[in-house]
Amino acid sequence: MQVNEYKPKIVAFCCNWCSYAGADLAGSNRLSYPAEVKVIRVPCSCRVNPMFILRAFQRGADGVILCGCHPGDCHYTSGNYYTRRRMALLFSMLDYLGIEKERTRVEWVSAAEGAKFAATMNDFVQTVTALGENKRLEDLRCKK
Amino acid sequence: MQKITRDALIEKAQTLLDSGVVTRVLGWKKGDFDYDVTPALFTDIESMKKDFVFGDFCGANFSKYLLKETKKIGVEGKVLVFLKSCDTYSFNQLLTEHRFDREKVYAVGIPCDGMVDVNKIKAIVGDGIVSIDDSAEVIKVETLYDGVKELNKADILLERCANCKSRKHVAYDELMGEDGEVIDSNRFDEVEKLEKMSADERFAFWQNELSRCIRCNACRDVCPACTCEKCVFNNPNSGVENKAAANSFEEQMFHIIRAFHVAGRCTDCGECSRVCPQHIPLHLLNRKFIKDINSFYGDYQAGETVGSRAPLTNFTKEDLEPSEAVNREDK
């Protein structure tokens, strides 16, 4: 008998210089992480506008994770410092509106940390799976 | 405090117009009723004597009007603008962002002891307001059905005035009356009350408030910090344009992003809540950001000085992590 298991939709914004390469390394090292994670490459973590995150939720994502270079290692010197401030405020605001704070996360993953990338994604998917479907932030009109 | 009268303002405008310092005046004009005062531009003293009003319903902040006014082509001379203390913060913030030419503006600071919220009056006296006499501390409201009712001004102040943060003018060319002080207000009390609720309660609270939103964009249009010429919400490809909302997230997203776009630049002038036709307490979103910024990155008051660096365009190497921000005990 076929059982329809709930699989969350996860969007991972990865910076081109560190985290995307980290994801690549996880692949080359044959470390596995769930296929539910859809990686979107961005030039820098600070390219991620808060609207991208809300838009992802609106269109049916169950969790959004943002990965960038470690603070101090940004390819553009200071991009991730701005990300850090923006996301601290945005996540705090989402929490204020009563949205589960486990659905959003920021992680710093360098190009050498394939193992960390895989572990982070495994952990995040597990957390979001436990939370279940995103009902509070979806918009039925945007779901295809 | 010395009460500034309509006549004093007209006299000031006349002096400045006659001496050629200014060529036009941004002021408040009477609407259909005593309480729906609207902003207007006066170019001569006669029209000003006829239509200009100054009273307890002159809440409108003129700072944003200066953007258009100073960019007019073929118009010579300065524009005279009357600024209440809270308006001067927006004025400075716009100057910081180089949004208008200071040389084309003549700012007169006027003292303010709070503006009145007509919705609070309506809640007390009901419908059918014929006229409102706001010349004294006790406000007389004449209604169709109940005759004249007297209300205490302190009970019907606008939310932002009841929690006034500063009576000090931070920008002006000339000040009428005496300057006030920065006030240690309780404006974050409501935010703290919400923070203490559980996540489900907060969600229910905001669902209730934001689902009333009709997306009229009044909060965006009036906001002196929202000055983009092209707004992200005027996007025909968003997938949600011209369709009735199936659930309320679009409104939530609008309000989160609206507040986020002014985070660190919002002076807490309270115009958004004042103009909201659905009475959504939008200031609670802005104040949450202000409160977070103050506690995460140190106290910051947008518009206090010209040229200060907004917290979101700044950083330190020791800033806290987003995960710490949402898990703090003392927030």
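How each quantity is defined
Residues numbered from 1 in each chain as written. Chains lettered and ligands numbered in written order. Predicted model: local features only at pLDDT ≥ 70, side-chain atom pairs only at ≥ 80, totals over all residues. Helix = DSSP H or I, 4+ residues; strand = E, 2+ residues; numbered from the N terminus. Rg over C-alpha atoms; globule rule 2.2 N^0.38 Å. Buried ≥ 20, exposed ≤ 12 C-beta atoms within 10 Å, placed from the backbone. Contact = placed C-beta atoms within 7 Å. Pairing = 2+ DSSP bridges. Core = buried A, V, L, I, M, F, W, Y, C linked by C-beta atoms within 7 Å. Axes fitted to C-alpha atoms, helices over the stretch in contact; angles between N-to-C directions. Expected span 1.5 Å × (residues − 1). Domains from an automatic or database assignment. pLDDT = per-residue confidence, 0-100.

Notes on the overall build of chain A
Counting its regular elements, chain A contains four helices and four strands. Listing the helices and strands of chain A from first to last along the sequence gives β-α-β-α-β-α-β-α. The globule rule puts the C-alpha radius of gyration for 144 residues at 15 Å, and the 15 Å found for chain A is close to it. With respect to the principal axes defined by its C-alpha atoms, chain A has extents near 45 × 40 × 25 Å. Relative to its full complement of 144 residues, chain A shows a buried share of 54%. Here the analysis covers contacts within chain A between residues at least 6 apart in sequence; of these, 82% occur between residues at least 24 apart.

Some points on the overall build of chain B
When helices and strands are tallied, chain B shows 13 helices and eight strands. In terms of overall dimensions, chain B is globule-like: its C-alpha atoms have a radius of gyration of 21 Å, near the 20 Å expected for 331 residues. Along the first, second and third principal axes, the C-alpha set of chain B runs to 60 × 50 × 45 Å. For chain B, the proportion of its 331 residues judged to be buried stands at 37%. For chain B, contacts bridging at least 24 residues in sequence account for 69% of all contacts bridging at least 6.

Topic: the pairing of strand β2 (residues 37–42) of chain A
Two elements, strand β1 (residues 10–15) of chain A and β2 of chain A, share six bridges in a ladder whose sense is parallel. Opposite A12 of chain A, over in β2 of chain A, you have V39 of chain A as the bridge partner.

Section: the interface of chain A and chain B
Each partner contributes residues to the interface: chain A has 35 residues there, and chain B has 36 residues. Elements with a contribution of two residues or more to the side of chain A that touches chain B: α2 (50–58), α3 (79–96) and β4 (104–108) of chain A.

Quick word on the nonpolar core
If you look at the biggest cluster of nonpolar residues, it comprises 125 residues, and the most contacted ones within it are I10, A12, C15 and M93 of chain A together with V81 of chain B. The element contributing the most residues to this core is α3 of chain A, with eight residues. Aside from chain neighbours lying at most four places away, what touches C15 of chain A is Y20, V42, C44, S45, C67, G68 and C69 of chain A.

Concerning the sheet that holds strand β5 (residues 129–133) of chain B
Within a beta sheet, neighbouring strands are joined by backbone hydrogen bonds and run either parallel or antiparallel to one another. Residues and elements named next belong to chain B. The three strands lie next to each other as β5-β6-β7, forming an open sheet whose pairing is antiparallel. Among the strands making up the open sheet, the edge pair consists of β5 and β7 (147–152). Each strand of the sheet is rotated relative to its neighbour by a mean of 25°, with strand direction disregarded.

What to know about the sheet that holds strand β3 (residues 63–68) of chain A
Residue and element names in this part refer to chain A. Pairing is parallel in the open sheet, where four strands are placed in the order β2-β1-β3-β4. Sheet topology places β2 and β4 at the edges, where each strand pairs with a single neighbour. Neighbour-to-neighbour, the strand axes of this sheet turn through a mean angle of 20°, independent of strand direction. Across the face of the sheet, α2 comes into contact with β1, β3 and β4 while running at roughly 150° to β3.

Here we look at helix α4 (residues 85–96) of chain B
Since there are 3.6 residues in each turn of an α-helix, residues three or four apart along the chain are aligned in direction. Residues and elements named next belong to chain B. Look at α4: 17 Å from first C-alpha to last across twelve residues, which is about the 16 Å you get at 1.5 Å a residue. By the criterion of burial, α4 is predominantly enclosed, with eleven of the twelve residues buried. Looking at α4, one finds that the buried residues are S85, C86, D87, T88, Y89, S90, F91, N92, Q93, L94 and L95. In this structure, the buried residues of α4 make contact with β3 (78–83) and β4 (105–109). A positive phi of about 55° marks H98, the residue just after α4.

With respect to the environment of I257 of chain B
Secondary-structure assignment places I257 of chain B in helix α10 (residues 249–261). Owing to 18 C-beta atoms within 10 Å, I257 of chain B belongs among the partly exposed residues under this scheme. Once the C-alpha coordinates of I257 of chain B and G114 of chain B are considered, the two residues, 143 residues apart in sequence, prove to be 29 Å apart. Among all residues touching I257 of chain B, those that are not within four sequence positions of it are P50, M51 and L54 of chain A.

Things to note about the domain arrangement of chain B
Segmentation of chain B into domains returns domain 1 (6–115 + 165–175), domain 2 (118–156) and domain 3 (189–327). For domain 2 of chain B versus domain 3 of chain B, the distance between C-alpha centres works out to 32 Å.

Some words on unusual backbone geometry
All names here are of chain B. Phi is positive for H98, close to 55°, though the residue is something other than glycine. As for its position among the elements, H98 is in the loop between α4 and β4. With phi around 60°, D268 is a residue other than glycine that occupies positive phi space. Relative to the assigned elements, D268 resides in the loop between α10 and α11 (271–275).

Quick look at the confidence of the model for chain B
In this model, chain B carries a mean pLDDT of 89, and residues with pLDDT of at least 70 account for 95%. Overall fold confidence for the complex sits at a pTM of 0.92, while the interface term, ipTM, reaches 0.91.

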